[in-house]
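Summary of structural features
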Amino acid sequence: MSRQPDLRAVSDQLEAARSQIEERFVEGGKALMAAYDIVARLLAAIDGVTGALDDNACDKAAARLTATLKGLSDLADTEAAAGQRLASVLEDSEAIAPRIRDMQRSLRYLNTCAMETRIAGAGVSEFAQFADDVDKYVGSAIDQIEIFADKVGQLSEQIAAACSGGKDTGIANQVASVSSTLTAALEAVHHRRNDLRKLASGTADVAKSVQEKVGKVLSALQAGDVARQRIEHVQAGIAMLLDELTRCGSERQAEALSHAGIRLLSAQTSALIKDFNEQTRVVVATIEGLAGEAARVLALTGKAGCNGSGEVQVIEDAVGLTQGVVGDIERSGTLAAAAYACTKQVATELLSNMGNIGNIRSVRDDIRCLAINAYLRSNRLGAKGRAVGVVAAEMNTYAARLGTAAEDILQRLSTMREAANGIDAERESHHVDIASELDGAVATLREASARTSLYLKEAEESGNAVADRIAHIARHIDFSKDLGEHLHACHRMFGSNDNISPVERSKDHESFSERLFAVYTMAAERDIHQTILGGSVPTPPAAPAQESVDLFDDVLF
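Residues numbered from 1 in each chain as written. Predicted model: local features only at pLDDT ≥ 70, side-chain atom pairs only at ≥ 80, totals over all residues. Heavy atoms only, no water.

Regarding the overall build of the protein chain
What the protein chain contains, in helices and strands, is 14 helices and zero strands. Shown N-terminal to C-terminal, the secondary structure of the protein chain runs as helices and strands in the order α-α-α-α-α-α-α-α-α-α-α-α-α-α. The 557 residues of the protein chain split such that 44% are buried. Contacts in the protein chain between residues at least 24 apart in sequence constitute 90% of all its contacts with a sequence separation of at least 6. Split by element, the accessible area of the protein chain, about 26700 Å² in all, is 51% carbon and sulfur. (Helix = DSSP H or I, 4+ residues; strand = E, 2+ residues; numbered from the N terminus. Buried < 20%, exposed > 50% of the residue type's maximum accessible area, 1.4 Å probe, protein only. Contact = heavy atoms within 4.5 Å. Areas by Shrake-Rupley, 256 points an atom, 1.4 Å probe, with all protein chains shown as cover.)

And the structure:
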């Protein structure tokens with residue numbers, strides 16, 4: 001009798017191989033499932049990026065910012081027009097000062113005339129009373145003019161300060177500068193968003209391809225389960241063979257059964273080794289391809305994540321400059337508003353007949369009336385009153401001049417008040433809370449940028465994790481290393497008998513054949529079995545053909 005293999009030792013060796021295959025494939029399956037989950041997170045992050053980019057709020061904020069810039073430009077034009085009007089008000093205000101000096105000179109001269117009247121009309125009580133009345137009116141007028149001059153001086157200083165505040169800011173140039181900067185930054189944001197859309201789309205395509213291939217590899221890892229089952233079936237065959245050998249009636253019958261059984265089990269082991277090697281080569285090749293695509297994902301997510309907030313920072317810087325311009329406009333507007341208010345108040349007060357210039361007009365009329373009466377009286381006195389008549393005529397002339405200056409001042413005050421009212425109305429009609437508009441628009445852009453950056457960060461982190469995970473699987477989880485050698489060692493222990501020709505007198509081994517055939521779950525096993533031990537054994541219902549197609553593309557089953 002030829003030397004037979006130690007079947008129990010073969011079974012132990014097969015068990016060791018089965019355990020290693022199970023361990024290796026379970027580890028690989030866990031790693032691939034983790035990779036699959038990471039890719040799912042990456043795709044979710046990319047969807048988040050796309051959603052953030054497609055959010056209309058960001059586009060509306062950009063449009064709002066652009067419209068606000070237009071409003072700022074309009075406001076600058078309004079302030080420039082108001083500045084021109086204010087300059088006109090200042091011109092009128094400054095023109096009042098020389099007219100006040102004319103009035104003061106006239107009043108001083110009238111005061112002198114009153115003294116001359118006393119001298120020339122000495123001894124005539126009427127002339128003395130006339131001089132006293134003129135002196136009283138002129139004195140009152142001088143006091144009124146001093147008060148008026150002080151108010152007009154203060155008004156001129158305030159208007160001059162407002163005009164100077166508007167000129168020094170260079171608002172028009174600043175508005176043009178910040179508008180250009182902010183417009184360029186907004187265009188950069190739009191370009192960035194378009195680039196990110198393309199990158200997100202490209203990254204999503206590659207990530208979906210990675211996810212699909214990981215799914216295929218996970219499906220292909222059934223090769224480990226298939227190999228495990230086939231090893232268990234060989235082990236079951238060994239156990240059945242040893243059991244059947246104890247029942248043989250003769251040594252010759254036992255030897256024939258042993259040869260047949262070992263040939264069958266050796267052929268089954270050889271076939272599972274061949275299929276296992278082919279299937280693991282596919283798995284390893286697919287994983288190597290995955291590593292390349294994962295590197296592409298890493299490159300794309302890294303490219304998408306770089307310089308993510310630069311454009312918004314430029315916008316914020318430009319908005320900071322814009323807010324500075326707004327501050328200049330507001331400060332200039334505050335000075336101007338105070339000047340307008342003061343102009344209206346002073347002009348309204350002085351234009352009233354109860355005011356200073358109104359009294360000056362009354363003084364003019366009273367002095368002229370007194371002068372005419374004194375002139376007529378002096379004519380009646382003849383030579384004695386001639387000197388007083390000359391003085392009275394002169395006083396009438398200067399009183400008229402006093403009235404002319406007062407009328408000119410009143411006209412200018414009226415013009416100033418109308419201009420101040422017009423400026424106020426125009427500023428009210430163009431009032432825009434630009435600072436709030438800018439803050440709101442930038443806050444929206446900042447929030448959209450933050451959400452995009454968050455998703456980009458998640459995408460980059462997931463891209464790194466996918467690349468690292470798959471690279472680790474490719475480097476450290478070899479689905480064929482050592483495993484095939486263990487199986488080849490088992491095969492060698494059978495004597496490496498790959499003879500799959502039918503055995504003689506297969507009917508003699510029918511009990512063993514039927515018992516083992518009932519264990520099989522795969523078409524390849526049944527085919528080998530029927531080739532060696534004959535084709536009369538019925539196919540058990542436990543392994544339908546459709547199952548083999550569904551499980552592994554009709555390759556293994």
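Overview of the confidence of the model for the protein chain
Predicted coordinates in regions of low pLDDT should not be interpreted in detail. When pLDDT is averaged across the protein chain, the result is 76; 83% of the residues are at 70 or more. For residues 542-557, every residue scores under 50 in pLDDT, and the model assigns this stretch 25 contacts once sequence neighbours within four places are set aside. (pLDDT = per-residue confidence, 0-100.)

Considerations on the packing of helix H5 (residues 222-247) against helix H12 (residues 510-517)
One can describe the packing of H5 onto H12 by two numbers: an axis separation of 10 Å at closest approach and a directional angle of 155 degrees. Classified by the interaxial angle, the pair formed by H5 and H12 is roughly antiparallel. Read as a crossing pair, H5 and H12 show a hand that is right-handed. Counted together, His-233, Gly-237, Met-240, Leu-241, Asp-243, Glu-244 and Arg-247 of H5 and Ser-511, Phe-512, Arg-515 and Leu-516 of H12 form the full contact between these two elements. Of the residues assigned to the contact of H5 with H12, the class counts are four nonpolar, three polar and four charged. (Axes fitted to C-alpha atoms, helices over the stretch in contact; angles between N-to-C directions. Parallel < 35°, antiparallel > 145°, perpendicular 65-115°, else oblique. Left-handed = near helix turned anticlockwise from the far one by under 90°. Nonpolar A, V, L, I, M, F, W, Y, C, P; charged D, E, K, R; others polar.)

Side note on the packing of H12 against helix H13 (residues 523-533)
Following both chains from N to C, one finds H12 and H13 inclined at 175 degrees, their axes separated by 11 Å at the closest point. Accordingly, the angle class assigned to the pair H12 and H13 is roughly antiparallel. Packed against H12, whose contacting residues are Phe-512, Ser-513, Leu-516 and Phe-517, the element H13 presents Arg-526, His-529, Gln-530 and Leu-533 at the interface. When its residues are assigned to classes, the contact of H12 with H13 shows four nonpolar, three polar and one charged.

Some words on the nonpolar core
One finds Ile-21, Val-210, Ile-238, Leu-264, Leu-487, Phe-494 and Phe-512 to be the most contacted residues of the largest nonpolar core, which totals 68 residues. Elements supplying a minimum of two residues to this core: helix H1 (7-53), helix H4 (171-220), H5, helix H6 (251-305), helix H10 (434-476), helix H11 (483-493), H12 and H13. Judged by nonpolar contacts, the second largest core, of 43 residues, contains Leu-86, Leu-370, Ala-399 and Leu-413. (Core = buried A, V, L, I, M, F, W, Y, C linked by side-chain atoms within 4.5 Å.)

With respect to H12
All of the buried residues in H12 are Phe-512, Ser-513, Leu-516 and Phe-517. Considered in projection along H12, the buried side chains sweep an arc of 120 degrees and stay on one side of the axis. (Arc of directions from axis to C-beta.)

Regarding the environment of Met-240
Tracing the chain through its elements places Met-240 in helix H5. For Met-240, a relative accessible area of 11% gives the class buried. The spacing of Met-240 and Leu-516 is 276 residues in sequence and 7.2 Å in space, taken between C-alpha atoms. Discounting chain neighbours no more than four positions away, the residues touching Met-240 are Phe-512, Arg-515, Leu-516 and Val-519.

Details of the packing of aromatic side chains
Applying the stated criterion across every chain, the model contains three aromatic pairs. Measuring from ring centre to ring centre gives 5.9 Å for Phe-25 and Phe-276, while their planes differ by 50 degrees; the resulting arrangement is tilted. A residue pair is termed long-range when its members are at least 10 positions apart, and Phe-25 in helix H1 and Phe-276 in helix H6 qualify at 251 residues. Among the residues examined, Phe-276 registers a relative accessible area of 1% and is labelled buried. (Phe/Tyr/Trp six-rings, centres within 6.5 Å; stacked < 30°, edge-to-face > 60°.)

Thoughts on a nonpolar patch on the surface
A surface patch of nonpolar side chains, amounting to about 270 Å² of accessible area, comprises Ile-372, Tyr-375 and Leu-376. Relative to the elements of secondary structure, Leu-376 occurs in helix H8 (residues 356-380). (Patch = residues over 30% accessible without salt bridge, like charges linked within 9 Å, V, L, I, M, F, W, Y side chains within 5 Å. Salt bridge = Lys/Arg side-chain N within 4 Å of Asp/Glu carboxyl O.)

Remarks on the pattern of salt bridges
By the definition in use, this model includes 16 salt bridges. The closest approach of N and O atoms between Asp-225 and Arg-228, which form a salt bridge, is 2.4 Å. Pair noted here: Asp-225 and Arg-228 are both in helix H5, with a separation of three residues, about one helical turn. For Arg-228, a relative accessible area of 18% translates into the label buried. Between Glu-244 and Arg-247 there is a salt bridge; the shortest N-O distance is 4.0 Å. Of this pair, Glu-244 and Arg-247 both sit in helix H5, separated by three residues, roughly a single helical turn.

Structural notes on the environment of Val-466
Tracing the chain through its elements places Val-466 in helix H10. C-alpha of Val-466 to C-alpha of Val-39: the two residues are 427 residues apart in sequence and 6.5 Å apart in space. Sequence-distant contacts of Val-466, defined by excluding residues within four places in its chain, comprise Ala-35, Ile-38, Val-39, Val-210 and Ala-294.

Thoughts on the side chain of Glu-525
You can see Glu-525 is positioned in helix H13. Buried charge without a salt bridge: Glu-525, with Arg-230 as the nearest opposite-charge side chain at an N-O distance of 4.5 Å. There is a polar contact of 3.5 Å between the side chain of Glu-525 and the backbone nitrogen of Thr-521. Look past the residues within four positions of Glu-525 in its chain and what remains in contact with it is Arg-230, His-233, Gln-268 and Tyr-520. (Lys, Arg positive; Asp, Glu negative; His and termini not counted. Polar contact = N/O pair within 3.5 Å; in protein donor to acceptor, adjacent residues only side chain to side chain.)

Observations regarding a negative patch on the surface
Taken together, the side chains of Asp-143, Glu-146, Asp-150 and Glu-157 make up a negatively charged region of the molecular surface. Tracing the chain through its elements places Asp-150 in helix H3 (residues 125-168). (Charge placed at Lys NZ, Arg CZ, Asp CG, Glu CD.)

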